[in-house]
Amino acid sequence: SGFVVEFIVEKKADAKYVQCSAASVLAKVTRDRIIENWSFTEPHFDTTLDFGSGYPSDPKCKEWMSKNLQDPVFGYPDLVRFSWAPAKDALNRNAVSVEWEADEEDDEFERSAMAAFMAGDSSSNKKPRMAYFDSHKLERVVALQTK
């Protein structure tokens, strides 16, 4: 009943598997089109999109990263992927240290969701509420009553 799917996770898969190569090309073309038409949502960021290839070995990218860490708490504009190691490193060195409870809970949920998926358990795929809401006895509002 159903298909058996084998997942292979390995480094440099796009160089070894045609399907991964194709997906990689599509992702890069899509990214380039998004970047071409990008407009920053942060009104206080004064910068350009001239950041080179976007790879950490690119001197143009390194220069852009060093010039555009403009906010001590939020760091870079939303264009930058904060999970990217060079962005994380720059924030750790040059920005205010902030621990977001939601990030910790997201990480924990993702680990447990992946473990449940691998075990074939689909019952635990609902994301739990943040502890803040439970501890403050806050409830979700689905409708407002008017007088």
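The preceding data block contains the structure.
Rules of the game
- Residues numbered from 1 in each chain as written.
- Predicted model: local features only at pLDDT ≥ 70, side-chain atom pairs only at ≥ 80, totals over all residues.
- Heavy atoms only, no water.
- Helix = DSSP H or I, 4+ residues; strand = E, 2+ residues; numbered from the N terminus.
- Polar contact = N/O pair within 3.5 Å; in protein donor to acceptor, adjacent residues only side chain to side chain.
- Buried < 20%, exposed > 50% of the residue type's maximum accessible area, 1.4 Å probe, protein only.
- Contact = heavy atoms within 4.5 Å.
- 1 Å grid on protein atoms, 1.4 Å probe; cavity = no way out; pocket = protein on both sides within 12 Å on 5 of 7 lines; lining within 4 Å.
- Points joined across faces, edges and corners; volume = space filled by probe spheres on them.
- Nonpolar A, V, L, I, M, F, W, Y, C, P; charged D, E, K, R; others polar.
- Salt bridge = Lys/Arg side-chain N within 4 Å of Asp/Glu carboxyl O.
- Arc of directions from axis to C-beta.
- Core = buried A, V, L, I, M, F, W, Y, C linked by side-chain atoms within 4.5 Å.

## A closer look at the side chain of Asp71
Piece 1. Tracing the backbone shows Asp71 in the loop between helix H3 (59-67) and helix H4 (85-94).
Piece 2. Reaching out from Asp71, the side chain makes a polar contact with the backbone nitrogen of Val73 at a distance of 2.9 Å.

## Description of the side chain of Asn68
Piece 1. Note that Asn68 resides in the loop between H3 and H4.
Piece 2. Relative accessible area serves as the criterion here: at 4%, Asn68 is assigned to the buried category.
Piece 3. At 2.8 Å, the side chain of Asn68 forms a polar contact with the backbone oxygen of Trp64.
Piece 4. The residues contacting Asn68, other than those within four sequence positions of it, are Phe45, Asp46, Thr47, Gly75, Tyr76 and Pro77.

## Section: the layout of surface pockets
Once rolled over the atoms, a probe with the size of a water molecule shows which space is left empty.
Piece 1. There is about 520 Å³ of room inside the second largest pocket.
Piece 2. Residue lining of the second largest pocket: 16 residues in total, with Arg31, Ser53, Gly54, Arg81 and Trp84 positioned closest to the centre.
Piece 3. The set of elements that each furnish at least two residues to the lining of the second largest pocket consists of helix H2 (18-36) and H3.
Piece 4. It is H2 that provides the largest number of residues to the lining of the second largest pocket, a total of five residues.
Piece 5. For the lining of the second largest pocket, the residue count by class is 10 nonpolar, two polar and four charged.

## Brief notes about the pattern of salt bridges
Piece 1. Summed over all chains, the structure comprises four salt bridges.
Piece 2. Notably, a salt bridge pairs Asp32 with Arg31, separated by 3.3 Å at the nearest N-O pair.
Piece 3. In this structure Asp32 comes out as partly exposed when scored by relative accessible area, which is 38%.
Piece 4. The partly exposed category is assigned to Arg31, whose relative accessible area is 36%.
Piece 5. Here Lys67 ties to Glu63 by a salt bridge, and the two come within 2.8 Å at their closest N and O atoms. Here Glu63 and Lys67 lie together in helix H3, a separation of four residues that amounts to about one turn.

## Here's the deal with H4
Piece 1. Along H4, the positions that sit buried rather than exposed are Ala87, Ala90 and Leu91. Projection of H4 onto a plane perpendicular to its axis shows the buried side chains occupying an angular sector of 100°, all on one side. The outward face of H4, more than 90 degrees from its buried face, is lined by the exposed residues Asn92 and Arg93.
Piece 2. Of the surrounding secondary structure, the elements contacted by the buried residues of H4 are H3.

## Quick look at unusual backbone geometry
Piece 1. The backbone phi angle of Lys12 is positive, close to 60°, even though this residue is not glycine.
Piece 2. Tracing the backbone shows Lys12 in the segment before helix H1 (13-16).

## A word on the nonpolar core
Piece 1. Counting residues in each nonpolar core, the largest one holds 14 residues, and the members touching the most others are Trp64, Met65, Leu69, Tyr76 and Ala87.
Piece 2. If you list the elements that add at least two residues to this core, you get H3 and H4.
Piece 3. Sequence-distant contacts of Leu69, that is, excluding residues within four places in its chain, are made with Gly75, Tyr76, Ala90, Leu91, Asn94 and Ala95.

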